[in-house]
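One letter stands for each residue in the lines below.
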Amino acid sequence: MSSVLYDVPGPRARRCNILYTLGFLVVLAALAWWVVTGLAGKGQLEWSKWAPFFTDSRVWTTYLLPGLENTLVAAALSLAIALPLGAVLGIARLSDHWWVRGSAGAVVEFFRAIPVLILMLFANAAYATLSDISPGTRPLYAVVTGLVLYNSSVLAEVVRAGILALPLGQSDAARAIGMRKGQTMRYVLLPQSVTAMLPAIVSQMVVIVKDTALGGAMLGFSELLASVRPMSANYGANTVASFTVVAVIFIVLNFALTSFAARLESRLRRGRKSTGAVVTADAVEELATPGEHVGRKPEPPERP
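Anyway, here's the lowdown on the structure attached to this text. (Residues numbered from 1 in each chain as written. Predicted model: local features only at pLDDT ≥ 70, side-chain atom pairs only at ≥ 80, totals over all residues. Heavy atoms only, no water.)

## Some words on the overall build of the chain
Summing up its helical and strand segments, the chain has 12 helices and zero strands in all. When the helices and strands of the chain are listed from N to C terminus, the series reads α-α-α-α-α-α-α-α-α-α-α-α. Buried residues in the chain amount to 34% of all 304 residues. Long-range pairs, those at least 24 residues apart, make up 72% of the contacts in the chain with a sequence separation of at least 6. For the chain, the exposed surface amounts to about 19,200 Å²; the carbon and sulfur share of it is 67%. (Helix = DSSP H or I, 4+ residues; strand = E, 2+ residues; numbered from the N terminus. Buried < 20%, exposed > 50% of the residue type's maximum accessible area, 1.4 Å probe, protein only. Contact = heavy atoms within 4.5 Å. Areas by Shrake-Rupley, 256 points an atom, 1.4 Å probe, with all protein chains shown as cover.)

## As for the packing of helix 7 (residues 138-164) against helix 9 (residues 181-218)
The interhelical angle for the contact between helix 7 and helix 9, taken along N-to-C directions, is 150°, at an axis separation of 8 Å. What the angle tells us is that helix 7 and helix 9 run roughly antiparallel. Between helix 7 and helix 9 lies a crossing of right-handed hand. Residues belonging to the contact of helix 7 with helix 9 are distributed by class as follows: 16 nonpolar, six polar and one charged. (Axes fitted to C-alpha atoms, helices over the stretch in contact; angles between N-to-C directions. Parallel < 35°, antiparallel > 145°, perpendicular 65-115°, else oblique. Left-handed = near helix turned anticlockwise from the far one by under 90°. Nonpolar A, V, L, I, M, F, W, Y, C, P; charged D, E, K, R; others polar.)

## So, the layout of surface pockets
Volume-wise, the largest pocket comes out at about 290 Å³. Lining the largest pocket are 13 residues, and of these Ile163, Ser171, Arg175, Lys181 and Leu189 lie nearest its centre. Residue assignment for the lining of the largest pocket shows that the elements contributing at least two residues are helix 7, helix 8 (168-176) and helix 9. Per-class residue counts for the lining of the largest pocket are eight nonpolar, two polar and three charged. (1 Å grid on protein atoms, 1.4 Å probe; cavity = no way out; pocket = protein on both sides within 12 Å on 5 of 7 lines; lining within 4 Å. Points joined across faces, edges and corners; volume = space filled by probe spheres on them.)

## Here we look at the packing of aromatic side chains
One pass over the structure, following the stated rule, counts four aromatic pairs. A centroid spacing of 5.8 Å and a plane angle of 20° characterise the contact between Trp47 and Phe54, whose relative ring orientation is stacked. With respect to burial, Trp47 and Phe54 carry one shared label: exposed. With a centroid separation of 6.0 Å and an interplanar angle of 70°, the aromatic rings of Tyr127 and Tyr141 are classed as edge-to-face. Pair noted here: Tyr127 is in helix 6 (residues 116-130) and Tyr141 is in helix 7, with a separation of 14 residues, a long-range link. Here Tyr127 falls in the partly exposed class, since its relative accessible area comes to 22%. In this structure Tyr141 comes out as partly exposed when scored by relative accessible area, which is 41%. (Phe/Tyr/Trp six-rings, centres within 6.5 Å; stacked < 30°, edge-to-face > 60°.)

Set out below in structure tokens:
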């Protein structure tokens, strides 16, 4: 027997797969045992180091929740600016005018080639030299600026690839009914490419959330990961416990983002399959160039 994608494994292949799986589980269990025994030998698994996260609310109100709030604020601002900016740059790279296409391509390639940490450092130095932003809020501005410049360039390529992935017949059909290029992009190409672009956009959202930690490491931005150092210093050097709790928070946050995106993508796909909407003659007439009546013959005059 064979499947559409691969040949169904026979008895020997199934035995090999079972042996490989058992071997991997044994190695994984041995590695976990080695890590646990090492931590226990160093006293990192003692209840006194983990108890503050369950018994002392000040750990959350003083360190974790403020850090999480700053992380979410920086990520939300970066995404809110980078997504429309990336869409504009991606559409500009598809322009018929060479100077628009070339300028957008130069911006995208330039900022996409620079590491996001360098962009944050440059932005922080620029704000310190050229603006009156207070030192307390300057790291937030620098982190958001670096994330926007880098991720808008990446999202521009995502938008461009999503639009180019559509069949050419979509654009031809839109032109056939009299739509201009801007109307074709707004009403035909972009709505259809959203579903294809959604997984890449969500993965970039996860990257934005995680990259906020670079600001905490290099610029003193008080995000979630930066709360580990003062928290560990005030609660008995529980560095491993602090990193573990912060990692779990990041996992839950990113899992919530990906789950929401998966449900949204599934809903969009179902809606596209179930909808039977068509473009009516009145809608075509509104989208066509003023004064033109696309696809409609003039009615004969009434007879007396």
